[in-house]
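# Per-entry structural report
If you want the building blocks of each chain, they are given just below.
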Amino acid sequence: MSVKELIIHAGYPKTGTSALQTFLALNRERLLEAGFDYPTLGDPKNISKAAGGHTTSGNAVRLAKSLLPVAHDVHGRWSQLREERRNHVDQVRWALNQSPAESLILSSEYFFLWSPDEYRQLLTGLARTNLQLRLVTYIREQMEDVVSAYVQAIKGGEIRGNPAFKLGPKSRGFYDQYFDTQEMVTGREQISVRVYDRARLIRNDIGADFLDALGTNDLTGFEFPARDTNSGLSPAMVALKQSLNGMVSGAAFHQEFARIATLIPGATKMSYNLLPADIVSMARASFVQANERVMKRYLPDQQGPLFAYRPIDDRDLIILKDPLPRNVEHELKKLAAAMCSIEDIRWNRADLRQRMESAATAMMTDGLASDEERKRILAATYGNSSQRFCP
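Residues numbered from 1 in each chain as written. Predicted model: local features only at pLDDT ≥ 70, side-chain atom pairs only at ≥ 80, totals over all residues. Heavy atoms only, no water.

Bringing the confidence of the model for the protein into the picture now. Averaged over the protein, the pLDDT score is 80; the fraction of residues at 70 or greater is 75%. Throughout residues 366-370 the model reports pLDDT below 50, and contacts reaching past four residues in sequence, or to other chains, amount to 8 contacts. Long-range and interchain partners of residues 377-391, a stretch whose pLDDT sits below 50, account for 21 contacts in this model, where long-range means more than four residues apart. (pLDDT = per-residue confidence, 0-100. Contact = heavy atoms within 4.5 Å.)

Listed below in structure tokens is the structure:
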């Protein structure tokens, strides 16, 4: 029993979690040399997928879900995981007993949903009185989190028109309340809070920054992924995906769209300027006291404010509702061309063509332009009405 510390990486969502999990999976052997074990927990395929750059929700996703109350299972898909919760806890206990490392790393953004009760269940099941629990959590500027979460929802099938529905008194952006509850289990000294801002990350990289949080400054031998694991979407692509979500559903469609978007230059370039400046200002004001508390309690040595705020100018505002951004039709044309060049499209190409043409028609008749302008746009984009997307 050499493991003395259990390190839980608890997200937050949209703070480079997928990229960090790819980094951890790629560097398991090097991490072990440094004294940290990132175990498979009985699911080696999860690790191999993460190492390949695919989103996996971390090595401890099954454990994290299995101990959550049923209220968090909004889609009713975790019943088997809950039935097998004892097994998932046992996987961690086995890893603790077998690992030659001093520290074991568990990662899943679902940990951010855990209350002290879930942590106590885990510690009781592990039956290790000498085990130190440590929490590493990344947070980001609340309005960036709102927009990023909204774009993620659109990628997954959401059809609502703007990110405002992510705001409210129960917003996950009140970070001080979250850490207050975690202190009940870990104590303040065992909570490591990191700010997710690429400009402030060590080497501008989430993997290097996490190593710094662990107290490891020697980056020799570590492999750093060259691309984002769970990329965003440009405003035009968000509008396009939102329109398609009203007509096409299914995980295969969402995954294929996200994959193809990475092939189109500029299609994954995020914009956080999606809400009016007055809404942004009011929302940011509501988080001031919470941010000051986080600074005082967990980051007392940090100079300046907790977050660097991006300026919001309504003159540059991109509103994701009717009328859609004017470059949607251009992005649609590029997306259609990319789709037609892919050999492993997961549905019939005739169906794909029909769906894309329906989406194009829906977007071109949303009141964005006059009848003559719509005809000109359609003609420029598709030629004559009989032209097909795919040969």
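Turning our eyes to something else, we now look at helix α12 (residues 251-261). Turning to α12, its buried residues number three or more, namely Phe253, His254, Glu256, Phe257, Ile260 and Ala261. The buried residues of α12 occupy an angular sector of 165° when the element is viewed end-on, so they sit on one face. (Buried < 20%, exposed > 50% of the residue type's maximum accessible area, 1.4 Å probe, protein only. Helix = DSSP H or I, 4+ residues; strand = E, 2+ residues; numbered from the N terminus. Arc of directions from axis to C-beta.)

This paragraph deals with helix α14 (residues 288-298). Along α14, the residues classified as buried are Ala290, Asn291, Val294, Met295 and Tyr298. Seen from one end, α14 has its buried residues packed into an arc of 140°, which puts them on one side. Facing away from the buried side of α14, by more than 90 degrees, are the exposed residues Gln289, Glu292 and Lys296. On its buried face, α14 sits against β4 (132-139), α8 (142-155), α9 (175-186) and β5 (191-195).

Cis rather than trans, the peptide bond between Gly11 and Tyr12 has omega equal to -5°. Along the chain, Tyr12 turns up in the loop between β1 (5-9) and α1 (17-26). Not every positive phi belongs to a glycine, and Ala127 is a case in point at roughly 55°. On the secondary structure map, Ala127 appears in the loop between α7 (116-126) and β4.

As a further point, take the packing of aromatic side chains. Throughout the structure, instances matching the rule amount to 12 aromatic pairs. The interplanar angle of 90° and the centroid separation of 5.5 Å between the aromatic rings of Trp78 and Tyr110 together place this pair among those described as edge-to-face. Of this pair, Trp78 sits in the loop between α4 (61-66) and α5 (79-83) while Tyr110 sits in the loop between β3 (103-107) and α7, and the two are 32 residues apart along the sequence. Joined through ring pairs, the aromatic side chains of Tyr12, Phe112, Tyr175, Tyr178, Phe179, Tyr298 and Phe307 make up one cluster. Of note, Arg203 hangs over the ring of Phe224, and the distance from its end group to the ring centre comes to 4.3 Å. Lying across the ring of Phe257, Lys241 places its NZ or CZ 5.7 Å from the centre. (Phe/Tyr/Trp six-rings, centres within 6.5 Å; stacked < 30°, edge-to-face > 60°. Lys NZ or Arg CZ within 6 Å of the ring centre and 35° of its normal.)

Let's shift gears to the sheet that holds β3. Pairing is parallel in the open sheet, where 5 strands are placed in the order β2-β3-β1-β4-β5. Two strands lie at the open edges of the sheet, namely β2 (36-37) and β5, each paired on one side alone. In this sheet, β5 lies alongside β4 in parallel orientation, the contact comprising 5 bridges. Looking at the pairing, Ile139 lines up with Val195 of β5. Where helix α10 (residues 206-213) meets the sheet, its contacts fall on β1, β3, β4 and β5, and the angle it forms with β4 comes to roughly 145°. (Pairing = 2+ DSSP bridges. Axes fitted to C-alpha atoms, helices over the stretch in contact; angles between N-to-C directions.)

For the rest of this paragraph, the subject is the side chain of Arg284. As for its position among the elements, Arg284 is in helix α13 (residues 277-286). Within the structure, the side chain of Arg284 is placed 3.2 Å from the backbone oxygen of Arg310, a separation counted as a polar contact. Not counting residues up to four positions away in its chain, the partners in contact with Arg284 are Glu141, Met143, Tyr309, Arg310 and Ile312. (Polar contact = N/O pair within 3.5 Å; in protein donor to acceptor, adjacent residues only side chain to side chain.)

Quick look at the packing of α1 against helix α3 (residues 44-51) now. It is the contact of α1 with α3, at a shortest axis distance of 7 Å, that shows an interaxial angle of 110°. Comparing their axes, α3 and α1 come out roughly perpendicular. Only Ile47, Ala50 and Ala51 of α3 make contact with α1, whose side of the interface consists of Gln21, Thr22, Ala25 and Leu26. Of the residues contributing to the contact of α1 with α3, the split by class is 5 nonpolar, 2 polar and no charged. (Parallel < 35°, antiparallel > 145°, perpendicular 65-115°, else oblique. Nonpolar A, V, L, I, M, F, W, Y, C, P; charged D, E, K, R; others polar.)

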